Amino acid sequence: MKELTNIWILIFLPCFLMAQEKKKIDFLEVDTVSILKIILIDHFNDNYKRVWGRKYEIDLTADTFKIYQIKEYYKSYQFFPDSIKYSQMGLLQKHGVGSLEALKILEEINKENEHITKFQKRIDSLTWGTSKMPDNWSGRRFTNCIAKSDIKNLFEQVNAKHNAPFRYLRNEGIDSLWLSKNSDRLFDLWYDENKKSKKYTQAFVKDILNDIKKFRGVFISYLNQTNTSRYPYFEMQLISHSDTTFISSLGQNLFQLPWSMNEEYNTYNPDLVITIANLLPNEDYFSSKNNLSPVWSIVEKGIISQIDFKSSFIDKKKWKKIARMKRKTP
């Protein structure tokens, strides 16, 4: 039996390598007056080992808008044979792994995931307390009332005729004037973690923190950053008598951008995400609320971390020259 980790890579490597076709940018048009119900699914996939989440429902037909939790779960991730298309797994075939052996491997992975989840759940329950752990149930539990203004704001963002993230920066007051007042403070945040950095690296960081266009570019780069170990997912369903509109997250970082709009195009509008997060009840753990609607200080730290990441790949010769020139400038 081949090592489990290697087989894992062989099975799922094609998923990571499949290119996504670029979708045309357009705008959604939803008849919000006809919406009867909103479904919210807050889901998290921990490296295909365990999953947890909550499902909510908002009834818009009553005089008072109320949100109900209708499902909750914390369980091991299970692979289903029907979801694996062996004929498309060229690497498995190349390494002589037949379809029957692949099924046995899936079974072993599922058992291992159950073991990992049971162990991890015990740790989590000790850390946070069993009363705060998600449970496995379906039903209908009243959570709280929703302000009609929050639903109005949501629908405005659903049909917004823009999809770029820069409006969020403007709403937060992040412009060239703000950057000029805060560039030294931001540099100090970075320098506190990089006291042994080279002068040319410091010159690179200062350059970004003194240029609003470059700062915005790093902001977008940070939001688009991905990894291969954690997979948050959020879905909103707008249900009418005749149709259902699906809006779901595709990203892994703050705001989980981009969001798919009915699988027709993607939006990078953080304000849409914030209006969705405003509908969620406050949960201490296992909730995406803070990730979907972070305070600016968290976004700011993320931008600094992205600048630090980019500083590892700069043209050293170029920035050494720039640093020398800056030292000579009075």
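Model, not experiment: these values are computed from the prediction.

Enquirer: Give me the packing of helix α6 (residues 176-192) against helix α7 (residues 199-208): which residues, what numbers.
Expert: Where α6 meets α7, the axes come as close as 9 Å, and the angle between the chain directions of the two elements is 145°. The two elements α6 and α7 meet at a crossing, and its hand is right-handed. Counting all contacts with α6, which are made through Leu 179, Phe 187, Trp 190 and Tyr 191, the residues of α7 involved are Thr 201, Gln 202, Val 205, Lys 206 and Ile 208. Here the contact of α6 with α7 is composed, by residue class, of 6 nonpolar, 2 polar and 1 charged.

Enquirer: How would you explain the pattern of salt bridges if you had to name every residue and give the values?
Expert: Side-chain pairs of opposite charge can arise where the charged atoms are in close proximity. Tallying each qualifying case throughout the model produces 11 salt bridges. Salt-bridge contacts for Glu 300 lead to Arg 185; the nearest nitrogen and oxygen are separated by 2.8 Å. Residue Glu 300 is found in helix α11 (residues 296-310), and its partner Arg 185 is found in helix α6; the two are separated by 115 residues along the sequence. A relative accessible area of 7% places Glu 300 in the buried class. Of the charged contacts in the structure, one is a salt bridge between Lys 195 and Asp 192, with a shortest N-O distance of 3.7 Å. Accessibility expressed as a relative area gives 54% for Lys 195, which makes it exposed. A single salt-bridge network, built from bridges that share partners, covers Lys 37, Glu 57 and Arg 140.

Enquirer: Kindly report on the nonpolar core, identifying the contributing residues and their values.
Expert: With 61 residues, the main nonpolar core has Ile 38 and Leu 40 as its most contacted residues. In terms of residue count, the dominant contributor to this core is helix α8 (residues 212-223) (6 residues). Sequence-distant contacts of Leu 40, defined by excluding residues within four places in its chain, comprise Arg 54, Lys 55, Tyr 56, Ile 58, Ile 67, Phe 234, Glu 235, Met 236, Ile 276, Leu 279 and Leu 280. Counting residues in each nonpolar core, the second largest holds 6 residues, with Ala 102, Ile 105, Leu 106 and Ile 109 among its members.

Enquirer: Let's hear about the sheet that holds strand β6 (residues 244-249): which residues, and what values?
Expert: Pairing is antiparallel across the open sheet formed by 8 strands, whose spatial order is β4-β3-β2-β1-β5-β6-β7-β8. Both edges of this open sheet fall to β4 (137-146) and β8 (265-267), since each of them pairs with a single strand only. On average, adjacent strands in this sheet sit at an angle of 20° to one another, irrespective of strand direction. Across 5 bridges, strand β5 (residues 230-239) lies against β6 in antiparallel orientation. Counted as the bridge partner of Leu 238 is Thr 245 from β6. In the packing of helix α3 (residues 99-128) onto the sheet, contacts are made with β2 (50-59) and β3 (65-76), and the angle to β3 comes to roughly 120°. On the sheet, helix α4 (residues 148-158) packs against β1 (37-46), β3, β4, β5, β6 and β7 (259-261) and is oriented at approximately 100° with respect to β5.

Conventions adopted
Residues numbered from 1 in each chain as written. Predicted model: local features only at pLDDT ≥ 70, side-chain atom pairs only at ≥ 80, totals over all residues. Heavy atoms only, no water. Axes fitted to C-alpha atoms, helices over the stretch in contact; angles between N-to-C directions. Helix = DSSP H or I, 4+ residues; strand = E, 2+ residues; numbered from the N terminus. Left-handed = near helix turned anticlockwise from the far one by under 90°. Contact = heavy atoms within 4.5 Å. Nonpolar A, V, L, I, M, F, W, Y, C, P; charged D, E, K, R; others polar. Salt bridge = Lys/Arg side-chain N within 4 Å of Asp/Glu carboxyl O. Buried < 20%, exposed > 50% of the residue type's maximum accessible area, 1.4 Å probe, protein only. Core = buried A, V, L, I, M, F, W, Y, C linked by side-chain atoms within 4.5 Å. Pairing = 2+ DSSP bridges.

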